[in-house]
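Reading the structure
Next come the chains, spelled out residue by residue.
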There are 2 protein chains.
Amino acid sequence: MIGHHIVWDAYDCDADAISFVADIKKTLNAIVDSLDITKVAEQYKQFDPVGATGFILLAESHVSIHTWPENSFAAIDVFSCNTINTAEVNEVITKMTKCKSLVVKDIARGEMVNAFDLAN
Amino acid sequence: MIGHHIVWDAYDCDADAISFVADIKKTLNAIVDSLDITKVAEQYKQFDPVGATGFILLAESHVSIHTWPENSFAAIDVFSCNTINTAEVNEVITKMTKCKSLVVKDIARGEMVNAFDLAN
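The sections below set out a description of the structure shown in this document. Here the structure is a predicted model, which means the values were calculated and not measured. (Residues numbered from 1 in each chain as written. Chains lettered and ligands numbered in written order. Predicted model: local features only at pLDDT ≥ 70, side-chain atom pairs only at ≥ 80, totals over all residues. Heavy atoms only, no water.)

**With respect to the packing of aromatic side chains**
In this structure the tally under the stated criterion is seven aromatic pairs over all chains. A centroid spacing of 3.7 Å and a plane angle of 10 degrees characterise the contact between A:Phe55 and B:Phe55, whose relative ring orientation is stacked. Residue A:Phe55 is found in strand E3 (residues 52-58), and its partner B:Phe55 is found in strand E3 (residues 52-58); the two belong to separate chains. Residues A:Phe55 and B:Phe55 agree in their burial class; the two are buried. A centroid spacing of 6.1 Å and a plane angle of 45 degrees characterise the contact between A:Trp68 and B:Phe79, whose relative ring orientation is tilted. Here the residue A:Trp68 occupies a position in strand E4 (residues 61-68), and B:Phe79 occupies one in strand E5 (residues 73-80), the pair thus bridging two chains. Taken together through their ring pairs, the aromatic side chains of A:Tyr11, A:Trp68, A:Phe73 and B:Phe79 make up a single cluster. (Phe/Tyr/Trp six-rings, centres within 6.5 Å; stacked < 30°, edge-to-face > 60°. Helix = DSSP H or I, 4+ residues; strand = E, 2+ residues; numbered from the N terminus. Buried < 20%, exposed > 50% of the residue type's maximum accessible area, 1.4 Å probe, protein only.)

**So, the nonpolar core**
Residue and element names in this part refer to chain A. Ranked by size, the top nonpolar core spans 26 residues in total, and within it Trp8, Ile31 and Val63 carry the most contacts. Every element with two or more residues in this core is listed here: strand E1 (3-11), helix H1 (21-34), E3, E4, strand E5 (73-80) and helix H2 (86-97). Sorting elements by how many residues they give to this core places H1 first, with five residues. Residue contacts for Ile31: discarding those within four places in its chain leaves Val63, Ile76, Val78, Val89, Val92 and Ile93. (Core = buried A, V, L, I, M, F, W, Y, C linked by side-chain atoms within 4.5 Å. Contact = heavy atoms within 4.5 Å.)

**Concerning the sheet that holds E3(A)**
Residue and element names in this part refer to chain A. Spatial strand order, E2-E3-E4-E5-E1-E6: six strands in an open sheet with antiparallel pairing. A strand with exactly one partner marks an edge of an open sheet, and here the two such strands are strand E2 (39-46) and strand E6 (101-109). Here the strands of the sheet are splayed against their neighbours by 10 degrees on average, with no regard to which way each runs. Two strands pair when backbone bridges link them, and E2 and E3 are joined in this way by seven bridges, in the antiparallel orientation. Within E3, the residue paired with Tyr44 across the bridge is Gly54. Packed on one face of the sheet, H2 meets E1, E5 and E6 and runs near 30 degrees to E1. (Pairing = 2+ DSSP bridges. Axes fitted to C-alpha atoms, helices over the stretch in contact; angles between N-to-C directions.)

**Notes on the relation of the copies chain B and chain A**
The two chain copies are related to each other by a rotation about an axis together with a translation along it. With an RMSD of 0.0 Å, the fit of chain B onto chain A corresponds to turning through 180 degrees and sliding 0.0 Å along the axis. The transformation just described matches what one would write down for a two-fold rotation axis. (Least-squares fit on C-alpha atoms with pLDDT ≥ 70 in both.)

**Some words on the packing of H1(A) against H2(A)**
Residue and element names in this part refer to chain A. Look at H1 against H2: their axes get within 9 Å of each other, and the N-to-C directions meet at 160 degrees. When the axis of H1 is compared with that of H2, the two are roughly antiparallel. Of the two possible hands of crossing, H1 and H2 adopt the one that is right-handed. Contacts between H1 and H2 involve Lys26, Thr27, Ala30, Ile31 and Ser34 from the first element and Glu88, Val89, Val92, Ile93 and Met96 from the second. Residues belonging to the contact of H1 with H2 are distributed by class as follows: six nonpolar, two polar and two charged. (Parallel < 35°, antiparallel > 145°, perpendicular 65-115°, else oblique. Left-handed = near helix turned anticlockwise from the far one by under 90°. Nonpolar A, V, L, I, M, F, W, Y, C, P; charged D, E, K, R; others polar.)

**Regarding the interface of chain B and chain A**
The figure often quoted for interface size is the accessible area lost as the parts come together. Listed by partner, the interface residues are 45 residues for chain B and 45 residues for chain A. Each partner contributes to the roughly 3,500 Å² buried at the junction of chain B and chain A, and carbon and sulfur atoms together form 66% of this total. The largest contributions to the chain B side of the interface with chain A come from B:Tyr11, B:Phe55 and B:Arg109, which together make up 15% of the buried area. Counting every contact that joins chain B to chain A gives four salt bridges. Salt-bridge contacts for B:Arg109 lead to A:Asp9; the nearest nitrogen and oxygen are separated by 2.6 Å. Residue assignment for the side of chain B that touches chain A shows that the elements contributing at least two residues are strand E1 (3-11), strand E2 (39-46), E3, strand E4 (61-68), E5, strand E6 (101-109) and helix H3 (113-119) of chain B. In terms of residue class, the side of chain B that touches chain A is built from 24 nonpolar, twelve polar and nine charged. (Buried area = accessible area lost by both parts, 1.4 Å probe. Salt bridge = Lys/Arg side-chain N within 4 Å of Asp/Glu carboxyl O.)

**Brief notes about unusual backbone geometry**
Keep in mind that most residues, glycine aside, have a negative phi and that most peptide bonds are trans. Residues and elements named next belong to chain A. Each neighbour pair has its own omega, and for Asp48 with Pro49 the value is 0 degrees, a cis peptide bond. Position of Pro49 among the secondary structure elements: in the loop between E2 and E3. Despite not being glycine, Ser72 shows a phi value in the positive range, around 50 degrees. Its identity is not glycine, yet Lys98 carries a phi of approximately 55 degrees, on the positive side.

**Some points on the sheet that holds E2(B)**
Residue and element names in this part refer to chain B. Pairing within the open sheet is antiparallel, and its six strands lie in the order E2-E3-E4-E5-E1-E6. Of all the strands in the sheet, the pair left with one neighbour each is E2 and E6. Averaged over all pairs of adjacent strands, the angle between strand axes in this sheet comes to 10 degrees, irrespective of strand direction. Two elements, E3 and E4, share six bridges in a ladder whose sense is antiparallel. Bridging across to E4, Leu58 finds its partner in Ser61. With respect to the sheet, helix H2 (residues 86-97) is in contact with E1, E5 and E6, its orientation differing from that of E1 by roughly 30 degrees.

The quantities given are spatial measurements derived from coordinates; they are silent on function.
Laid out in structure tokens, this is it:
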């Protein structure tokens, strides 16, 4: 296997905590700081009047956030070939978005890599 | 629901087709061109000696690619609140990476958004 791609759906967030680039930039960087990963570049976009999107490119893959304050919803993902401490990230997201519910899905990436290596 | 987050695991790729930023930049942009989505910004990183990573931030969320030429493997994802024509993207990825096997997973994002809207 290559790595884990973990996605978080954060429901019933505090709309004020997910409306602007300044906030989501802090959230994404807090996630990166909580994990053993290396930042390569980052990019953000503010939507009018509220809602923001951002991406941090990692040496190990990526972290992203997209927010819909009108639905009190934020979508976050981390894809890394390192181990991801999900409990740690749960805590960061809950604290930063003030969400009342968090649904986490763990998607294995490159599950068959070894099988293909052996076959070729 | 907010949107679809679709991930592609491309196995047994042509290592030459996924080794460098120039190639993955073409692949990501071909995916964007095949879909009804709006590019906001893009960022790439070359690994030494081979392997590359990149993302395109969209008005509708993001597209990313991370490659492991040593494993003939590429990991791609598209997250969009618009409809994603998966068949079209399958074709682009197969053509650009020359992969022999493609595993696609469709992850619904924000499934409970309406439920929360109704509850609040």
